[in-house]
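Each chain, letter by letter, is given below.
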Amino acid sequence: MDKFREECGVFGIFGHPEASNLTYLGLYALQHRGQESAGIAASDGGLIRHHKAMGYVNEAFNSESLAKLPGSLAVGHVRYSTAGESLVANAHPIVVDSVHGQLAVCHNGNLVNAGELRDALVRSGAIFQTNSDTEVVVHLFARSREDGVEPAVVDAISQVRGAFSFVMMTKDRVIGVRDPHGFRPLALGRLGAAWVVCSETCALDLIGATYVRDVEAGEVVVISSAGLKSIKPFGPAPQSQCIFEHVYFSRPDSYVFGESVNEVRTQLGRSLAREAPVDADVVVPIPDSGVCAAIGYAEASGLPMRMGLIRNHYVGRTFIEPQQSIRHFGVRVKLNPVKSILDGRRVVLVDDSIVRGTTSRKIVRMVRSAGAREVHMRISSPPTTNPCFYGIDTPTKEELIASAHSVEEIREYLGADSLAYLSVSGMYGFTGKRASFCDACFTGQYPIPPGEETPVRQLHLFEACDR
């Protein structure tokens with residue numbers, strides 16, 4: 001489907017005898033954030049062991065591999081590559097041994113100054129084993145002249161710029177780090193006496209843990225046998241929480257940045273209905289990402305919502321296309337129209353975003369072929385006009401259909417009877433704190449210059465894949 005790629009999911013637990021098993025479950029809950037690879041590192045207090053592999057969590061692990069990860073501390077990661085090729089060598093956790101001891105690192109986000117730091121490290125003799133931007137942090141940690149693990153970690157992360165929510169582990173502690181701008185979410189929870197840190201609260205729910213609070217922007221939390229310690233090494237910085245976490249990335253059952261994702265998306269749909277009403281018969285979400293907004297749109301418009309498109313949840317990462325052409329095959333294998341709902345009706349299709357427009361165009365045609373009399377597209381976010389450099393794999397600006405085309409031109413390309421996006425102001429109807437969010441993908445207002453003031457997509461050195 002023509003969507004932004006989820007970034008990554010991170011999970012860590014301290015003080016539980018089944019740490020690696022619970023990490024495995026936590027990664028299951030975070031699978032939507034990355035489907036290319038999965039990895040877990042665990043410590044028994046003396047040695048860090050790790051296992052990682054390409055594929056989904058259930059493909060990367062089994063009972064035998066988990067049994068080889070003993071200990072009461074563990075960290076884990078599910079990955080979609082935004083910086084670094086899709087190879088097992090680039091999978092996380094990245095585990096190293098240094099003068100400061102062993103360190104396992106899991107990263108969600110993207111470092112905008114990774115290239116210049118990498119060049120400097122290579123010139124000084126560093127040898128890189130991956131082309132992931134995260135390895136830069138590992139080298140900075142290993143080379144730090146600070147005395148002790150915690151000062152060395154702070155020294156390393158103080159040299160990087162960009163979006164980062166790290167979950168790290170030494171042999172005897174788990175460390176959570178969130179960048180000063182707070183781009184990516186990071187939640188803190190308890191499971192009995194154990195502490196948990198993870199990307200989304202849905203991972204806490206799955207293992208029966210209780211949400212305590214978010215790791216604050218610019219905060220380093222160190223969890224050890226002495227308890228939890230909070231370090232705030234950074235100066236004040238403007239908050240830039242990623243609004244796309246609410247629009248698309250996070251699971252609806254999660255709380256992110258202190259808000260229920262389900263409620264935010266439903267409110268986006270209500271705002272969209274008020275801004276862009278249409279005389280129609282039925283509201284149909286494009287599943288799964290458009291469901292919450294469609295509920296809100298139907299509620300505010302007074303129109304019934306029906307599941308006029310059914311998603312096949314058993315489609316894997318790849319499938320074999322038939323040699324003989326089947327119309328709309330690539331979309332139809334994932335979505336199929338319900339003719340009894342669509343036939344003869346004026347349909348409002350609701351989705352969260354349009355990236356290139358190729359999939360939306362096929363869906364509109366498919367709905368028309370099922371007998372819809374009219375097809376009206378409603379999008380619960382503003383037009384996506386700019387790439388992201390903070391941990392989301394987005395196309396180049398030229399590939400984003402809204403970057404160079406008007407709404408009317410996009411409507412014509414899609415073949416819809418009408419098209420409307422939610423306004424930027426309407427998007428923030430759920431909060432009065434627009435200043436605390438990053439919406440550069442909609443506005444082009446980047447809170448951190450994306451690499452030497454010049455927006456350059458994460459390709460070449462840090463290869464990324466399109467969706």
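Anyway, here's the lowdown on the structure attached to this text.

Scoring rules and cut-offs
- Think of each chain on its own: its residues are numbered from 1, step by step along the sequence as written.
- Residue-level local features of this predicted model are given only where pLDDT is at least 70; pairs of side-chain atoms are given and counted only at 80 or more, and the full residue set underlies all totals for whole chains, interfaces and linings.
- Heavy atoms from the whole structure form the basis of all side-chain values; hydrogens and water molecules are not counted.
- Think of it this way: any DSSP run of H or I at least four residues long counts as a helix, any run of E at least two long counts as a strand, and we number them from the N terminus.
- When accessible area is computed with a 1.4 Å probe and restricted to protein chains, residues below 20% of their type maximum are described as buried, those above 50% as exposed, and intermediate ones as partly exposed.
- Here, two residues are considered to be in contact whenever any of their heavy atoms come within 4.5 Å of each other.
- Side-chain rings of Phe, Tyr and Trp, where Trp is taken by its six-membered ring, are said to pair if the distance between their centres is within 6.5 Å; with planes under 30 degrees apart they count as stacked, over 60 as edge-to-face, and otherwise as tilted.
- What makes two strands pair is DSSP finding at least two bridges between them.
- Interaxial angle, 0 to 180 degrees, is taken between N-to-C directions of lines fitted to C-alpha atoms, where a helix line uses only the stretch in contact.
- Geometric relationships in this document are graded by angle, where less than 35 degrees denotes roughly parallel, more than 145 denotes roughly antiparallel, 65 to 115 denotes roughly perpendicular, and other angles denote oblique.
- Each crossing gets its handedness from the near helix: less than a right angle anticlockwise from the far helix is left-handed, clockwise is right-handed.
- Each residue is assigned to one class: nonpolar for Ala, Val, Leu, Ile, Met, Phe, Trp, Tyr, Cys and Pro, charged for Asp, Glu, Lys and Arg, and polar for all the others, Gly among them.
- Criterion for a salt bridge: a side-chain nitrogen of Lys or Arg within 4 Å of a carboxyl oxygen of Asp or Glu.
- Think of a 1 Å grid over just the protein atoms. A cavity is a set of points where a 1.4 Å probe fits yet cannot get out, a pocket is an open set with protein on both sides within 12 Å along at least five of seven lines, and lining residues have an atom within 4 Å of a point.
- Grid points are joined across faces, edges and corners, and a volume is the space filled by probe spheres set on the points.
- In protein, a polar contact means a hydrogen-donor-capable atom and an acceptor-capable atom, both N or O and within 3.5 Å, with residues adjacent in sequence counting only if both atoms are side-chain atoms; elsewhere, any N or O pair within 3.5 Å suffices.
- Here the nonpolar core consists of buried residues drawn from Ala, Val, Leu, Ile, Met, Phe, Trp, Tyr and Cys, with membership extended through side-chain atoms lying within 4.5 Å.

Notes on the overall build of the chain
Then, number 1: Check the secondary structure of the chain and you find 17 helices and 23 strands.
Then, number 2: Looking at the chain as a whole, 59% of its 467 residues qualify as buried.
Then, number 3: Within the chain, counting contacts between residues at least 6 apart in sequence, those at least 24 apart form 70% of the total.

Details of the packing of aromatic side chains
Then, number 1: On inspection of all chains with the given rule, the structure shows 13 aromatic pairs.
Then, number 2: Measuring from ring centre to ring centre gives 6.2 Å for Tyr24 and Phe61, while their planes differ by 75°; the resulting arrangement is edge-to-face. Placement of Tyr24 in helix H1 (residues 19-29) and of Phe61 in the loop between helix H2 (57-60) and helix H3 (63-67) is noted, with a sequence separation of 37 residues between them. The burial state of Tyr24 is the same as that of Phe61; both residues are buried.
Then, number 3: Taking 5.4 Å as the distance between ring centres and 55° as the angle between the ring planes, the aromatic pair formed by Phe244 and Phe249 counts as tilted.

Comments concerning the sheet that holds strand E10 (residues 194-198)
Then, number 1: In spatial order, the strands read E3-E2-E4-E1-E10-E9-E11; together these seven strands make up an open sheet with antiparallel pairing. Only two strands of the sheet have a single neighbouring strand rather than two, namely strand E3 (48-54) and strand E11 (210-214). Strand-to-strand twist in this sheet, taken as the mean axis angle between neighbours without regard to direction, amounts to 15°.
Then, number 2: Bridge count for strand E1 (residues 8-14) against strand E4 (residues 73-79) is seven bridges, and the pairing is antiparallel.

Side note on the packing of helix H4 (residues 114-123) against helix H5 (residues 134-143)
Then, number 1: The geometry of H4 relative to H5 is characterised by a closest axis approach of 10 Å and an angle of 45° between their N-to-C directions. On the basis of their axis angle, the class for H4 and H5 is oblique. Crossing handedness for the pair H4 and H5: left-handed. Side by side, H4 and H5 meet where Ala114, Leu117, Arg118 and Leu121 of the first sit next to Val136, His139, Leu140 and Arg143 of the second.
Then, number 2: Tallied by class, the residues present in the contact of H4 with H5 amount to five nonpolar, one polar and two charged.

Remarks on the pairing of E1
Every regular strand shows the same layout, with side chains that alternate between the two sheet faces.
Then, number 1: Of all seven residues in E1, seven are buried, a share of seventy percent or more.
Then, number 2: The alternating pattern of E1 places Cys8, Val10, Gly12 and Phe14 and Gly9, Phe11 and Ile13 on opposite faces, both of which are buried.

Some thoughts on the pattern of salt bridges
Then, number 1: All told, the structure shown has 20 salt bridges when counted by the stated rule.
Then, number 2: For the salt bridge of Glu64 with Lys68, the shortest nitrogen-to-oxygen distance reads 3.8 Å.
Then, number 3: Glu64 sits in the exposed class, given a relative accessible area of 53%.
Then, number 4: Through salt bridges with shared partners, a single network forms among Arg33, Arg184, Glu200 and Glu245.

Re empty space enclosed by the protein
Then, number 1: Scanning all chains against the criterion turns up four cavities of 30 Å³ or more.
Then, number 2: Computed from the structure, the largest cavity encloses a volume of approximately 90 Å³.
Then, number 3: Lining the largest cavity are 15 residues, and of these Cys242, Cys388, Cys438, Ala440 and Cys441 lie nearest its centre.
Then, number 4: Residue composition of the lining of the largest cavity, by class: 13 nonpolar, no polar and two charged.

Let's talk about unusual backbone geometry
Then, number 1: Omega for the peptide link from His92 to Pro93 comes to 5°, which places this bond in the cis form.
Then, number 2: Here Pro93 lies in the loop between E4 and strand E5 (94-98).
Then, number 3: In this structure, Asp288 follows Pro287 across a cis peptide bond, with omega equal to -5°.
Then, number 4: With a phi angle near 55°, Phe257 is a residue other than glycine that sits in the positive phi range.

Overview of the pairing of strand E17 (residues 282-285)
Then, number 1: Every second residue of E17 is oriented toward a common face, with Val282 and Val284 on one face and Val283 and Pro285 on the other, all of them buried.
Then, number 2: Relative to strand E20 (residues 346-351), E17 runs parallel, the two sharing four bridges. Along E20, the bridge assignment pairs Val283 with Val348.

Looking at the packing of helix H9 (residues 261-275) against helix H10 (residues 291-301)
Then, number 1: At their nearest, the axes of H9 and H10 sit 6 Å apart, and the two run at 45° to each other. By the angle class used here, H9 and H10 are oblique. The two elements H9 and H10 meet at a crossing, and its hand is right-handed. For the pair H9 and H10, contact is made by Asn262, Arg265, Thr266, Gly269, Arg270, Leu272 and Ala273 and by Cys292, Ala293, Ile295, Gly296, Tyr297, Glu299, Ala300 and Ser301, respectively.

Considerations on the environment of Arg143
Then, number 1: Secondary-structure assignment places Arg143 in helix H5.
Then, number 2: The class of Arg143 is partly exposed, set by a relative accessible area of 40%.
Then, number 3: It is 9.1 Å that separates the C-alpha atoms of Arg143 and His100, two residues lying 43 residues apart in sequence.
Then, number 4: Setting aside chain neighbours within four positions, we find Arg143 in contact with Leu121, Ser124, Gly125 and Ala126.
Then, number 5: A polar contact of 3.0 Å, which involves the side chain of Arg143, links it to the side chain of Ser124.

Notes on the nonpolar core
Then, number 1: Of all hydrophobic cores here, the largest spans 42 residues; its most connected members are Ile243, Phe244, Val283, Tyr390 and Met427.
Then, number 2: Ranked by residues supplied to this core, first place goes to H9 with five residues.
Then, number 3: Not counting residues within four places of it along the chain, the set of residues in contact with Tyr390 comprises Gly109, Asn110, Val112, Ala163, Phe183, Arg184, Cys438, Tyr446, Pro447 and Ile448.
Then, number 4: Formed by 28 residues, the second largest nonpolar core is a distinct cluster that contains Phe11, Ile13, Cys202 and Ala209.

A closer look at the sheet that holds E20
Then, number 1: Judged by pairing direction, the sheet is parallel, and its four strands sit side by side in the order E17-E20-E21-E22 without closing on themselves. At either end of the open sheet lies a strand with only one pairing partner, and these are E17 and strand E22 (418-421). For this sheet the average axis-to-axis angle between neighbouring strands, irrespective of direction, equals 20°.
Then, number 2: On the sheet, H10 packs against E17, E20 and strand E21 (374-379) and is oriented at approximately 165° with respect to E17.

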